[in-house]
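Listed below, chain by chain, are the residues.
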Amino acid sequence: MRLSISTKIRASGDLIRMDLALGAGIFFVAGEILAIGGLPPVNQVLLGFLTLFFISGSANISNDYFDRDVDSVNLPTRPLPSGRISIPELWLLFLLFTAAGLTTAAFLGPLVLALVSVFWGIALLYNIRLKNFGFAGNLVVAVCVAMTVTLGGIAVGTINGVVLTFAALAFLFDLGEEIASDAMDVEGDQLRSSKSLAKRWGRTTAIRITGVMFAVFCLLTLLPFLMGWLGIDYLFLGAVMDLWTISCLWSLMRSRTEEEGREQIRRLYLAWGLFVIVFAITRIL
């Protein structure tokens, strides 16, 4: 059956995972803002955002190919299992996004281009091989997410304590989220040789480890205020986010189904993303 153009466009958006790709671009810009304490030149903002949007999008696209068997069990409505996107169409979109991301990175300088190329290579290697390494694979993803903030600072030529703290927060957040997401995907992971913590030690233990990661995350949010780098406005926003995080974690630990667990993970993402965006805006103002 021939699918409509609108169906293909929606399927492409699902492949790209717009929320994650947009988030990567926003975190790059946030890194720039946190580094200089204000808004960088418009061309750096646009190029930085587009670079991480396209590179993150390309990683998400290739992830669907290598996850196609698992998705047929866990997420059968994804573009490949549902038949809304063919494999040749997927790889064409992957190449377009990769080329676009590397091109925009080149305009930000050779160092940024080199680091983005490494970022892209690690993400692809993770999708091909490292995902089955369980906690080690989780660490790789968390490092890549932390790089999105750090790259912003590098692009504007400044790495300070605030940038490094937010990179560490991004690392801890994503590591906890990756472990929790694996706990929601245990059934599909039986189809591959995954060594996820949930598969090895059980869903309950994996969720508890997630709780530890987020406890450290909440404590680390205090560092910029305690060091005198940021003021009371940051402390207030951080406290709101920490309370929301604790609420989501409590619900996650009590969740009875995978769908309930995924909903709490989505809420965690929303809280973290809004916190970074709102705080970055306060730095501009």
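Computed from a predicted structure; not experimentally measured.

### Notes on the overall build of the protein
When its secondary structure is counted, the protein shows 15 helices and 0 strands. Relative to the 2.2 N^0.38 estimate, which gives 19 Å for 285 residues, the radius of gyration of the protein is 19 Å and therefore close to what a compact globule would have. Judged by the C-alpha coordinates and their principal axes, the protein covers about 55 × 45 × 30 Å. Buried residues in the protein amount to 51% of all 285 residues. Considering only intrachain contacts with a sequence separation of at least 6, the fraction spanning at least 24 residues in the protein is 74%. A distance of 4 Å separates the average location of the 21 positive side-chain charges in the protein from that of its 21 negative side-chain charges.

### Some thoughts on helix α8 (residues 135–155)
Side chains of residues three or four places apart in an α-helix project in the same direction, reflecting 3.6 residues per turn. With 21 residues, α8 extends 30 Å between its outermost C-alpha atoms, agreeing within 8% with the 30 Å of an ideal straight helix rising 1.5 Å per residue. Two residues or fewer past α8, Gly157 is found with a positive phi of approximately 80°.

### Notes on the pattern of salt bridges
Tallying each qualifying case throughout the model produces 5 salt bridges. With a shortest N-O distance of 2.9 Å, Arg78 and Asp64 are connected by a salt bridge. Of the two residues, Arg78 sits in the loop between α4 (68–74) and α5 (79–82) while Asp64 sits in helix α3 (residues 42–66), which places them 14 residues apart along the sequence. Among the ionic contacts, a cluster of salt bridges with common partners joins Arg17, Asp64 and Arg78.

### Details of unusual backbone geometry
The phi dihedral of Arg17 is positive, around 55°, even though this residue is not glycine. By the secondary structure assignment, Arg17 is in the loop between α1 (5–16) and α2 (18–36). For Arg17, a relative accessible area of 21% translates into the label partly exposed.

### A few points about the packing of aromatic side chains
The geometry of two aromatic rings is summed up by the distance between their centres and the angle between their planes. Applying the stated criterion across every chain yields a total of 24 aromatic pairs. Measuring from ring centre to ring centre gives 5.7 Å for Phe27 and Trp272, while their planes differ by 70°; the resulting arrangement is edge-to-face. Here Phe27 is found in helix α2, whereas its partner Trp272 is found in helix α15 (residues 258–284), with 245 residues between them in sequence. Note on Phe27: relative accessible area 9%, which makes it buried. Cluster of aromatic residues (ring-pair linked, three or more members): Phe27, Phe166, Phe173, Phe214, Phe217, Tyr234, Tyr269, Trp272, Phe275 and Phe279. The residue whose ring lies beneath Arg68 is Tyr65, and the NZ or CZ to ring-centre distance is 4.1 Å.

### Concerning the domain arrangement of the protein
When the parts of a complex come together, some accessible area is lost, and that lost area is often used as the size of the interface. According to the domain assignment, the protein consists of domain 1 (1–133) and domain 2 (160–284). Each of domain 1 and domain 2 has a C-alpha centre, and the two are 21 Å apart.

### Digging into the confidence of the model for the protein
Residues at a pLDDT of 70 or more form 94% of the protein, whose mean pLDDT is 88. Within the protein, helix α13 (residues 223–226) carries the highest mean pLDDT (96), whereas helix α10 (residues 186–189) carries the lowest (52).

### Let's talk about the UniProt feature "transmembrane region" (unreviewed entry) in the protein
As annotated by UniProt and renumbered to match this structure, "transmembrane region" (unreviewed entry) occupies residues 20–39, 111–128, 135–156, 162–184, 205–228, 234–253 and 265–284. Strand forms 0% of residues 135–156 and helix 95%; the C-alpha atoms that close the span are 33 Å apart. Counted over residues 205–228, helix gives 83% and strand 0%. Its end C-alpha atoms are 37 Å apart.

### Some remarks on a nonpolar patch on the surface
A cluster of nonpolar side chains, contributed by Leu39, Ile277, Ile281, Ile284 and Leu285, occupies part of the molecular surface with about 490 Å² of accessible area. Relative to the assigned elements, Leu285 resides in the segment after α15. Since its relative accessible area comes to 85%, Leu285 is described here as exposed.

### Here's the deal with helix α9 (residues 161–184)
Taking 1.5 Å of rise per residue, 24 residues should cover 34 Å, and α9 covers 35 Å from first to last C-alpha, within 8% of that figure. Burial analysis of α9 places 20 of its 24 residues in the buried class, the great majority of the element. The backbone nitrogen of Val162 lies 3.2 Å from a side-chain oxygen of the residue at the head of α9, namely Asn160.

### What to know about the packing of helix α7 (residues 110–128) against α8
For the pair α7 and α8, interaxial distance at closest approach is 10 Å and the crossing angle is 165°. The angle between α7 and α8 falls in the class roughly antiparallel. As α7 runs across α8, the sense of the crossing is left-handed. Here Leu111, Val112, Leu115, Val116, Phe119, Ile122 and Tyr126 of α7 come into contact with α8, specifically with Gly137, Val140, Val141, Cys144, Met147, Thr148, Leu151, Ile154 and Ala155. Its residues placed into classes, the contact of α7 with α8 shows 14 nonpolar, 2 polar and no charged.

Definitions and cut-offs
- Residues numbered from 1 in each chain as written.
- Predicted model: local features only at pLDDT ≥ 70, side-chain atom pairs only at ≥ 80, totals over all residues.
- Heavy atoms only, no water.
- Helix = DSSP H or I, 4+ residues; strand = E, 2+ residues; numbered from the N terminus.
- Rg over C-alpha atoms; globule rule 2.2 N^0.38 Å.
- Buried < 20%, exposed > 50% of the residue type's maximum accessible area, 1.4 Å probe, protein only.
- Contact = heavy atoms within 4.5 Å.
- Lys, Arg positive; Asp, Glu negative; His and termini not counted.
- Charge placed at Lys NZ, Arg CZ, Asp CG, Glu CD.
- Expected span 1.5 Å × (residues − 1).
- Salt bridge = Lys/Arg side-chain N within 4 Å of Asp/Glu carboxyl O.
- Phe/Tyr/Trp six-rings, centres within 6.5 Å; stacked < 30°, edge-to-face > 60°.
- Lys NZ or Arg CZ within 6 Å of the ring centre and 35° of its normal.
- Domains from an automatic or database assignment.
- pLDDT = per-residue confidence, 0-100.
- UniProt positions renumbered as here; feature names shortened; annotations may be inferred.
- Patch = residues over 30% accessible without salt bridge, like charges linked within 9 Å, V, L, I, M, F, W, Y side chains within 5 Å.
- Areas by Shrake-Rupley, 256 points an atom, 1.4 Å probe, with all protein chains shown as cover.
- Polar contact = N/O pair within 3.5 Å; in protein donor to acceptor, adjacent residues only side chain to side chain.
- Axes fitted to C-alpha atoms, helices over the stretch in contact; angles between N-to-C directions.
- Parallel < 35°, antiparallel > 145°, perpendicular 65-115°, else oblique.
- Left-handed = near helix turned anticlockwise from the far one by under 90°.
- Nonpolar A, V, L, I, M, F, W, Y, C, P; charged D, E, K, R; others polar.

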